[in-house]
Amino acid sequence: MTLPSSGIINTTVVTEPTKAKSGGCGRKSDTSHVVEMDEKTKERIAKHPCYSEDAHHHYARLHVAVAPACNIQCNYCNRKYDCANESRPGVVSELLTPEEAAHKALVIAGKIPQMTVVGIAGPGDPLANPDKTFRTFELIAEQAPDIKLCLSTNGLMLPEYVDRIKQLNIDHVTITINMVDPEIGVKIYPWVHYNRKRYRGLEGVKILHEKQMEGLQALKEADILCKVNSVMIPGINDEHLVEVNKVIRSKGAFLHNIMPLISAPEHGTHFGLTGQRGPTPKELKAVQDDCSGNMKMMRHCRQCRADAVGLLGEDRSQEFSKDKILEITPEYDLAKRQEVHEGIEKFQQEIKAAKEKAKVETRLIASVQNSPKILVAVATKGSGLVNQHFGHAKEFQIYEVDGNEARFVSHRKIDHFCQSGYGEEGTLEKIIEAIADCKAVLVSKIGESPKTKLEKAGIQAVESYDVIEKVALEFYQQWNKQ
């Protein structure tokens, strides 16, 4: 089945990216519930791809790896600096000095004008490397005032540096909080290094918990936006994350990102070597849904490398390695960047209008009360469009659809199908397995062979080039009639 495109999308707009078992939170799981943010907060996160689901379709980020040291040990972490093919937190290919990092930010701001955020997320902890971290931010703020600054931390040293963070106008801080019960924390953190002493077991975890809570409260009082990351570890903190969600909301966090544990044995982590599994997509979604009534949930996280470059879901770090960057003269042009951002904002308004029109049209076509929810997979290069060939996709965005709306709920990484004939049959089987719970896959194009195999597996291939929500709702109406 091929659905018609409305033709309203101008594909020449400059914003098109280059290659580019749980309890409840006081409520039953209701994935249609949306926690609204106030207008001021929406404005503050409008161009931050990690803090805004809408922004991640259009704006890029840069992580600069200037913070090698860490002051805690996590059982899911093993920092390696020499593997460019891994995409997970704590991994980088090379370290930078603050001066090199600032130079890189200026170069990329010119090459990728939709890059709006520079963050420091490691490979250790930014606040365990305060001199390098804050010097980097100082240099970038002086030379590129339109770029947002943010950092991610485990929170151990956060209370000591909130004033400095505020002074540098770092408006976005992420804290990784995996527990609010130290008894659970001892299963995650072997040791904590604080005030020149290493604390093991419960003693260390209690210090970490206390500092995380102090830091979260201090950010709220300083009016600094705080996102909390939590790693979901089945059998350890999965049920406990509901309590984590309640506590962080009460202390001022506005966004919660519950991420799946990455625990492949080849990564050399404690959890990987001891066989601790990560959650299934269904398990992860269930916990996210259970917490969605308390606060806004982040579902578009890609668990990026500490040297990531580009849109979320793409990694262009090898295009901008240190040896290449240092040979390039920055061409930072504030006026040009503002022009690009104005184009993005205009395009976003077009997308928003198309979404609203699609909602109205589908509601007129059929009754939407008690309509069942289904999942669809989407191949997209960004911009909120179905605009990628099935064979080129390295991930699918997953949308939950009913008669009222199409709502992004997760993403799933895959091996892309077109590999010059090598291993394509095995790859297609894995792709079908990854999206087996979806009723359709929305793509710009797809070959007849994979299309036929998908349909045999009960997955409809829908070809279109249009706004994701529009295509998804149109498919839903036809699926519902059948």
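Residues numbered from 1 in each chain as written. Predicted model: local features only at pLDDT ≥ 70, side-chain atom pairs only at ≥ 80, totals over all residues. Heavy atoms only, no water.

Moving on: the environment of Leu106. As for its position among the elements, Leu106 is in helix H2 (residues 98-111). Between the alpha carbons of Leu106 and Thr329 there is a distance of 8.9 Å; along the sequence they are 223 residues apart. Ignoring any residue separated from it by four or fewer positions in sequence, one finds Leu106 in contact with Gln143, Ala144, Pro330 and Tyr332. (Helix = DSSP H or I, 4+ residues; strand = E, 2+ residues; numbered from the N terminus. Contact = heavy atoms within 4.5 Å.)

What follows concerns the confidence of the model for the protein. The share of residues in the protein with pLDDT of 70 or more is 85%, and the mean pLDDT across the chain is 83. Confidence drops under a pLDDT of 50 for residues 1-33, and excluding neighbours within four residues, the segment shows 93 contacts in the predicted structure. In this model residues 419-423 is a low-confidence stretch, pLDDT under 50, and it forms 2 contacts with partners more than four residues away in sequence or in other chains. (pLDDT = per-residue confidence, 0-100.)

Taken across its 6 residues, strand E9 (residues 255-260) has 5 buried, putting it largely inside the fold. As judged from the 6 bridges shared by strand E8 (residues 225-232) and E9, these two strands associate in the parallel manner. Opposite Asn229, over in E9, you have Asn257 as the bridge partner. Once you follow E8 into helix H7 (residues 241-250) and on to E9, the crossover reads as right-handed. Here 2 bridges tie E9 to strand E10 (residues 296-297), and the two strands are oriented parallel to one another. (Buried < 20%, exposed > 50% of the residue type's maximum accessible area, 1.4 Å probe, protein only. Pairing = 2+ DSSP bridges. Right-handed = clockwise from strand over helix to strand, strands pointing away.)

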